[in-house]
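Residues per chain, in single letters:
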Amino acid sequence: MAKVSTSAAEARSLGFLGPRDAISMNRDRILCDAKTRALQMVRAGYKPPIPRTDLAAPGENLLATLKLGAHLMRQGDYISDHEVKVANRIAEVLCGGAVSPGTPISEQYLLDLEREHFKGLCGEKKTVERIAYTLKTGKVMRN
């Protein structure tokens, strides 16, 4: 159900890329272009922001709403069983887990939660098939 772009120009028009975001026209140069840009930022004195530790987690109320949405989409045959599993894991990350609304959490906690769920999904055969298919074709597999 997600809106995806088929080109950098379309990504910019959809608001996925901002006016200052660079575009690599040659797929084989993406890594080199990224490294060049990173080195330019370092030379210009870039300092990463201090990670926040005071984020208010949306919590279990929103988590229940998102899981219900995934369930209803499955009931309507808009998504597959595997997509429900992916949606529920994403919902857990977005909500900061099953915590009370407003619970203070850190960026690192969210990154750790995301990594945990991503690694869990990577152990699923259907996830591996999806990743391989997308890397090969550039399109999303619906399994």
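In this report, we go over the structure that sits alongside the text. (Residues numbered from 1 in each chain as written. Predicted model: local features only at pLDDT ≥ 70, side-chain atom pairs only at ≥ 80, totals over all residues. Heavy atoms only, no water.)

## A word on the side chain of Ser106
Here is step 1 of the chain: The residue Ser106 is located in the loop between strand S2 (104-105) and helix H5 (107-122) in this model.
Here is step 2 of the chain: Within the local environment of Ser106, its side chain forms a polar contact with the backbone nitrogen of Tyr109, the two atoms lying 3.0 Å apart.
Here is step 3 of the chain: Excluding anything up to four places from it in sequence, Ser106 contacts Arg52, Thr53 and Leu55. (Helix = DSSP H or I, 4+ residues; strand = E, 2+ residues; numbered from the N terminus. Polar contact = N/O pair within 3.5 Å; in protein donor to acceptor, adjacent residues only side chain to side chain. Contact = heavy atoms within 4.5 Å.)

## Focus: a nonpolar patch on the surface
Here is step 1 of the chain: On the surface, Leu62, Leu66, Ile90 and Leu94 cluster together into a nonpolar patch covering about 350 Å² of accessible area.
Here is step 2 of the chain: In this structure, Ile90 sits in helix H4 (residues 81-95).
Here is step 3 of the chain: We classify Ile90 as partly exposed; its relative accessible area is 46%. (Patch = residues over 30% accessible without salt bridge, like charges linked within 9 Å, V, L, I, M, F, W, Y side chains within 5 Å. Areas by Shrake-Rupley, 256 points an atom, 1.4 Å probe, with all protein chains shown as cover. Salt bridge = Lys/Arg side-chain N within 4 Å of Asp/Glu carboxyl O. Buried < 20%, exposed > 50% of the residue type's maximum accessible area, 1.4 Å probe, protein only.)

## Describing H4
Working note: α-helix, 3.6 residues per turn, so residues spaced by three or four point in the same direction.
Here is step 1 of the chain: Here H4 contains 15 residues, and its C-alpha end-to-end distance of 21 Å stays within 8% of the 21 Å for a straight helix at 1.5 Å per residue.
Here is step 2 of the chain: Those residues of H4 that fall on the buried side of the exposure criterion are His82, Glu83, Val84, Ala91, Val93 and Cys95.
Here is step 3 of the chain: Check the buried side of H4 and you find it contacts helix H3 (60-75), H5 and helix H6 (125-137). (Expected span 1.5 Å × (residues − 1).)

## Observations concerning the packing of H3 against H4
Here is step 1 of the chain: The geometry of H3 relative to H4 is characterised by a closest axis approach of 9 Å and an angle of 165° between their N-to-C directions. By the angle class used here, H3 and H4 are roughly antiparallel. When the axes of H3 and H4 are compared, the crossing they make is right-handed. Contact residues: Leu62, Leu63, Leu66, Lys67, Ala70 and Arg74 in H3; Asp81, Val84, Ala87, Asn88, Ala91, Glu92 and Cys95 in H4.
Here is step 2 of the chain: Of the residues belonging to the contact of H3 with H4, the class tally is eight nonpolar, one polar and four charged. (Axes fitted to C-alpha atoms, helices over the stretch in contact; angles between N-to-C directions. Parallel < 35°, antiparallel > 145°, perpendicular 65-115°, else oblique. Left-handed = near helix turned anticlockwise from the far one by under 90°. Nonpolar A, V, L, I, M, F, W, Y, C, P; charged D, E, K, R; others polar.)

## Points about the packing of H4 against H5
Here is step 1 of the chain: Where H4 contacts H5, the axes come no closer than 9 Å and their chain directions differ by 165°. Taken together, the axis directions place H4 and H5 in an arrangement best described as roughly antiparallel. Between H4 and H5 the crossing geometry is right-handed. In this structure, H4 contributes His82, Lys85, Val86, Arg89, Glu92 and Val93 to the contact, and H5 contributes Leu110, Leu113, Glu114, Glu116, His117, Gly120 and Leu121.
Here is step 2 of the chain: Across the contact of H4 with H5, the residue classes break down as five nonpolar, three polar and five charged.

## Considerations on unusual backbone geometry
Here is step 1 of the chain: The phi dihedral of Asp77 falls on the positive side, at around 60°, and the residue is not glycine.
Here is step 2 of the chain: Considering the arrangement of structural elements, one finds Asp77 in the loop between H3 and H4.

## Remarks on the pattern of salt bridges
Here is step 1 of the chain: Using the criterion set out here, one finds ten salt bridges in the structure.
Here is step 2 of the chain: A salt bridge links Asp54 to Arg52; the nearest nitrogen and oxygen atoms lie 3.0 Å apart.
Here is step 3 of the chain: As a salt-bridge pair, Glu83 and Arg142 come within 2.6 Å of each other at their nearest N and O atoms. Of this pair, Glu83 sits in helix H4 while Arg142 is found in the segment after H6, placing the two residues 59 residues apart along the sequence.
Here is step 4 of the chain: Counted as one network, the salt bridges with shared partners bring together Arg74, Asp77 and Asp81.

## A word on the environment of Gly45
Here is step 1 of the chain: Here Gly45 is to be found in the loop between helix H2 (30-43) and strand S1 (55-56).
Here is step 2 of the chain: Among the residues examined, Gly45 registers a relative accessible area of 42% and is labelled partly exposed.
Here is step 3 of the chain: Between the C-alpha atom of Gly45 and that of Glu116, which follows or precedes it by 71 residues, the distance is 33 Å.

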